[in-house]
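Examining the three-dimensional arrangement
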Amino acid sequence: MKKSVILGAMTFAGLAAGAASAGTLDDVKARGKLNCGVTTGLVGFAAPNANGEWEGFDVAVCRAVAAAVLGDSNAVEFVPTTGKTRFTALASGEIDMLARNTTWTFSRDVDLKFEFVGVNYYDGQGFMVPKELGVSSAKELDGATVCIQTGTTTELNLADFFRSNNISYEPVPIETNAEAQQQYLAGACDVYTTDASGLAATRATFDDPAGHVILPEIISKEPLGPLVRHGDHEWGDVVRWSLMALIAAEELGITSANLGEMAAGTENPEINRLLGSEGTLGEMLGLSADWAKNAIASQGNYGEIFAKNIGEDTPVGLARGLNAQWTEGGLLYAPPFR
Amino acid sequence: MSTLTDPPNEGFRLSMLINDTRYRSLTFQVIAAIVLALCIWYLGNNLIQNLRAAGLNISYTFLGDPSGYDINQRLVEYDSQSSHAKAALVGLLNTLLVAFLACITATVFGVIAGVLRLSNNWLVSKLMAVYVEIFRNIPVLIWIIIIFTIMTAVLPGPREFRGDNATASMVFDSFAFTNRGIYIPMPWFENGIFASTAMNWLLVLAGFAGSWIAAHQINVWANTKQESTGVRPKTTALILAAWLVPFLALMLIMGLTWEYPELKGFNFSGGIKVGGPLIALWFALSIYTGAFIAENVRAGIQAVSKGQTEAASALGLRPRRVMNLVVLPQALRVIIPPLISNFLNITKNSSLAIAVGYADITATLGGITLNQTGRAIECVLLLMLFYLTASLTISMVMNVYNASVKLKER
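Residues numbered from 1 in each chain as written. Chains lettered and ligands numbered in written order. Predicted model: local features only at pLDDT ≥ 70, side-chain atom pairs only at ≥ 80, totals over all residues.

So, about the overall build of chain A. A tally of helices and strands in chain A yields 14 helices and 14 strands. Rg of the C-alpha trace for chain A: 21 Å, near the compact-globule value of 20 Å for 338 residues, within the 12% margin. If you line up chain A on its principal axes, its C-alpha atoms span 60 × 60 × 40 Å. Within chain A, the proportion of its 338 residues that are buried is 50%. Partitioning the contacts of chain A with sequence separation of at least 6, the portion at a separation of at least 24 is 74%. (Helix = DSSP H or I, 4+ residues; strand = E, 2+ residues; numbered from the N terminus. Rg over C-alpha atoms; globule rule 2.2 N^0.38 Å. Buried ≥ 20, exposed ≤ 12 C-beta atoms within 10 Å, placed from the backbone. Contact = placed C-beta atoms within 7 Å.)

What follows is the structure, given as structure tokens:
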């Protein structure tokens, strides 16, 4: 018994230590494939389509990184993770990066030793209830049964919200979004709470989306973004700037339609530096000169990715809101490429 | 007369450790022990160094911090401001509760199915064979999920109890079967002798203990009487009185009343709620392990030689008494040891609780606490310690019982 404890613990520790020391960028290049952690299935963010190919808003980030590093947006191995398994998967080196609508918090960044490379969706926690309950505010939820994905920040926000409003509730802890959806629809809980974007995405898959309302209260700040292991800064830079390239591309007006034309050289030096026709940004990252071009070519710029996966014309139907470019009153602000 | 001389005293030489059969095995064992100790030391040292290098130092101080999350089934006072240690305690009690309930019902199911499988009635014995084969050959996790899914899908939600033309109604106006659990009336005392409810229930338990002693004394008295006079006095009424009178008196004095569940807001309130996850887990563990116990019981009964049954019948005992007085006492010797491991399996399998959102210790300490604090190694070590202690305790208790029923060799 005692021996197996130590052996097991040692394996764990050995993995953790081994993963932290090696250069992830070199590993990915040598492997020819990026291991990217995503959700187990949340339509619009990450879910396999009818052909079994992963697609969605978070998936696009994985594909962009793969395109930047390997030049091939399909060279990604998607690893579905639950709210509980995601951090272990990343810490142990099973995945190279995690793009799984994960909230950037102090303790995850500092205590769990991860590096959030940026924010790809500014979100907040909301509540969804069936319309027939006639509830119009979260403060009317006294005594309700609430379905919640366990191991998430929403679990803690929920406890804080109900405690500070002095109302009671009964939590039903659930592992995945699919299970939560099933429980909610079966009426085993009155309310489903998660990030508002997740609620919209979940509602989009219902038979009767109009029969459910998302309550106006947004009870928390949930900046969602991709993250990597702490300590491997070269790799962190690659993931960070791949994301920033997508955001900057929208700001600079680079779309998948005019990408080829722009890459040939323009009068705007920043576009030229970004797409590699001027300067050595790619080299500094340890990538080829056309890394950003490849990243943008994979799914288009940030705005295109948003519109295609979760925008107002999709079943998920999210407005840009906080996620508009800073020039349009949003929070998206990519640092300069120079 | 020959003289015996002692063999020359050669003293101890180092080569004897290998060449002398008296020492050789000892030598090898010592070497093996040293190598093993070195391996363990190396691995342990490696673990500590790697943990330090990764910036993870083992510390249990997080147990005192506020947990920040709520738990739906609490046997002790707990809220989101309580510590992680308290959350672990809530989970621990939930684990013990479901394990205790499941051990009892699994034994009942197992004994019934095991005895019936040996029935002479073809239909009954085949039905039991089907039960055993189906339930023990499908993983228990699947049973837990099936039962839970059926419960949530089939039973009505609390909403359907509302309004004038409700589609669901309470049974006898006191039991509500909903897809969130079963609500049953809760007994409580209007003018309890003690202020705290727990003390009042302890008093009731003490009353039962007294009744048990009294009933035992009545039996002893009847036995003595039977041995001296040959006639056994009628004891049924007396024993019944010994059980009922103190109980009823206590209930009357303390003013037993029932609190009925009623629909209030989103949910039923009042009464006792037996949550859906608890029911699903309890029932699944019971029928699954019950199938294994049924086989143990059957094996135990068949291990008693047929001659015993025939001899007992020849003495004029009725079939029921043959079973109770002759077969079962002997069968228990074969049944108990594997029964212990079945009880241990129930306790360990209860860690599948998270599949249906039951807040056992694996879900609280090994799930949410581990996740929110990131203290994986500490939490897992604590979990191992808990399951080990629980299993060894169950083993110990059952071994004591086994010792009391096993063949006494004189």
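It is worth spelling out the overall build of chain B at this point. Within chain B one finds twelve helices and seven strands. Rg of the C-alpha trace for chain B: 30 Å, well past the compact-globule value of 22 Å for 410 residues, more than 25% over. Taken along the three principal axes of its C-alpha coordinates, chain B extends 110 × 75 × 50 Å. Out of the 410 residues belonging to chain B, those deemed buried represent 29%. A separation of at least 24 residues holds for 64% of the contacts in chain B among residues at least 6 apart in sequence.

Here the focus is the interface of chain A and chain B. The interface is formed by 38 residues belonging to chain A together with 37 residues belonging to chain B. For the side of chain A that touches chain B, the element with the highest residue contribution is helix α1 (residues 2-21) of chain A, accounting for eleven residues. The residue inventory of the side of chain A that touches chain B, partitioned by class, reads 20 nonpolar, eight polar and ten charged. (Nonpolar A, V, L, I, M, F, W, Y, C, P; charged D, E, K, R; others polar.)

Within a regular strand, the side chains alternate between the two sheet faces. Residue and element names in this part refer to chain A. Of all the five residues making up strand β11 (residues 191-195), five are buried; the element is thus mostly covered by neighbouring parts of the structure. Bridging between strand β8 (residues 125-130) and β11 involves four bridges; their strand directions are antiparallel. Following the sheet pairing, Met-128 is matched in β11 by Tyr-192. Bridging between strand β9 (residues 144-149) and β11 involves three bridges; their strand directions are parallel. Within β11, the residue paired with Ile-148 across the bridge is Thr-193. (Pairing = 2+ DSSP bridges.)

Okay, unusual backbone geometry next. All names here are of chain A. Of note in the backbone geometry, Lys-113 takes a positive phi value of approximately 65 degrees without being a glycine. Note that Lys-113 resides in the loop between α5 (106-110) and β6 (114-116). For Lys-113, a count of 19 C-beta atoms within 10 Å puts it in the partly exposed group. The phi torsion at Asn-166 lies on the positive side, around 60 degrees, for a residue other than glycine. If you trace the backbone, Asn-166 turns up in the loop between α6 (153-164) and β10 (169-174). By C-beta crowding, Asn-166 is classed as exposed, having 8 other C-beta atoms within 10 Å.

The biggest cluster of nonpolar side chains holds 157 residues, and the ones touching the most others in it are Cys-62 and Val-65 of chain A together with Leu-281 of chain B. The dominant element in this core, judged by the number of residues it contributes, is helix α8 (residues 276-303) of chain B, at 14 residues. Two domains each put at least three residues into this core: domain 1 (2-122 + 224-328) and domain 2 (125-220) of chain A. (Core = buried A, V, L, I, M, F, W, Y, C linked by C-beta atoms within 7 Å. Domains from an automatic or database assignment.)

What follows covers the sheet that holds strand β12 (residues 212-214) of chain A. Residues and elements named next belong to chain A. Read across the open sheet, the five strands follow the order β10-β9-β11-β8-β12; overall the sheet is mixed. Each of the sheet's edge strands pairs with one partner strand only, and the pair in question is β10 and β12. Direction aside, neighbouring strands of the sheet carry axes that sit 30 degrees apart on average. Each of β8, β11 and β12 touches helix α8 (residues 196-204); the most contacted strand, β11, lies at about 125 degrees to it. (Axes fitted to C-alpha atoms, helices over the stretch in contact; angles between N-to-C directions.)

Take the confidence of the model for chain B next. Looking at chain B as a whole, its pLDDT mean stands at 86, while 96% of the residues score no less than 70. The ipTM, which scores confidence in the relative placement of chains, is 0.71 for this predicted complex, and the corresponding pTM is 0.76. (pLDDT = per-residue confidence, 0-100.)

Moving on to the sheet that holds strand β2 (residues 181-184) of chain B. Working definition: the strands of a sheet are paired by backbone hydrogen bonds and lie parallel or antiparallel to each other. Residues and elements named next belong to chain B. Strand order across the open sheet formed by three strands is β1-β2-β7, with antiparallel pairing between neighbours. Strands at the two margins of the open sheet, each flanked by one partner only, are β1 (176-178) and β7 (272-275). Sheet twist, expressed as the mean angle between neighbouring strand axes with direction ignored, is 15 degrees. Looking at chain direction, β1 and β2 are connected through three bridges and run antiparallel. Each residue of the ladder has a partner; that of Thr-178, found in β2, is Gly-181. Running at roughly 55 degrees to β7, α8 makes contact with β2 and β7 of the sheet.

What follows is about the packing of helix α3 (residues 84-117) of chain B against helix α10 (residues 319-349) of chain B. The geometry of a pair of packed helices is captured by two quantities: the angle between their axes and the separation between those axes. All names here are of chain B. Remark: α3 packs on α10, axes separated minimally by 9 Å, with the N-to-C direction vectors making an angle of 140 degrees. Relative to α10, the element α3 is oriented oblique. In this structure, α3 crosses over α10, and the sense of that crossing is right-handed. For the pair α3 and α10, contact is made by Ala-99, Ala-102, Cys-103 and Ala-106 and by Phe-343, Ile-346 and Thr-347, respectively. Across the contact of α3 with α10, the residue classes tally to six nonpolar, one polar and no charged. (Parallel < 35°, antiparallel > 145°, perpendicular 65-115°, else oblique. Left-handed = near helix turned anticlockwise from the far one by under 90°.)

All names here are of chain A. With respect to burial, β10 is a largely interior element, six of its six residues being buried. Residues Tyr-169, Pro-171 and Pro-173 point to one face of β10 and Glu-170, Val-172 and Ile-174 to the other, with burial holding for every one of them. Bridge count for β9 against β10 is six bridges, and the pairing is parallel. Residue pairing for β10: Thr-145 is matched across the bridge by Glu-170.

Residue and element names in this part refer to chain B. Packing of helix α4 (residues 122-136) against α8 brings their axes to within 8 Å, and their N-to-C directions diverge by 125 degrees. Between α4 and α8, the angle falls in the class oblique. Of the two elements, α4 crosses α8, and the hand of that crossing is left-handed. Residues Met-128, Tyr-131, Val-132, Phe-135 and Arg-136 of α4 touch α8, and the partners they reach there are Ile-287, Tyr-288, Ala-291, Phe-292, Ala-294 and Glu-295. Split into classes, the residues belonging to the contact of α4 with α8 amount to nine nonpolar, no polar and two charged.

Here the focus is the environment of Asp-142 of chain A. Considering the arrangement of structural elements, one finds Asp-142 of chain A in the loop between β8 and β9. Once the C-alpha coordinates of Asp-142 of chain A and Asn-166 of chain A are considered, the two residues, 24 residues apart in sequence, prove to be 8.7 Å apart. Residues in contact with Asp-142 of chain A, not counting those within four places in the same chain, are Ile-167 and Ser-168 of chain A together with Gly-265 of chain B.

In this section: the domain arrangement of chain A. Residue and element names in this part refer to chain A. Each assigned domain of chain A is listed here: domain 1 (2-122 + 224-328) and domain 2 (125-220). Placing the centre of domain 1 and that of domain 2 at their C-alpha centroids yields a distance of 29 Å. At the junction of the two partners, domain 1 supplies 20 residues and domain 2 supplies 16 residues. Considered class by class, the residues forming the side of domain 1 that touches domain 2 number nine nonpolar, ten polar and one charged.

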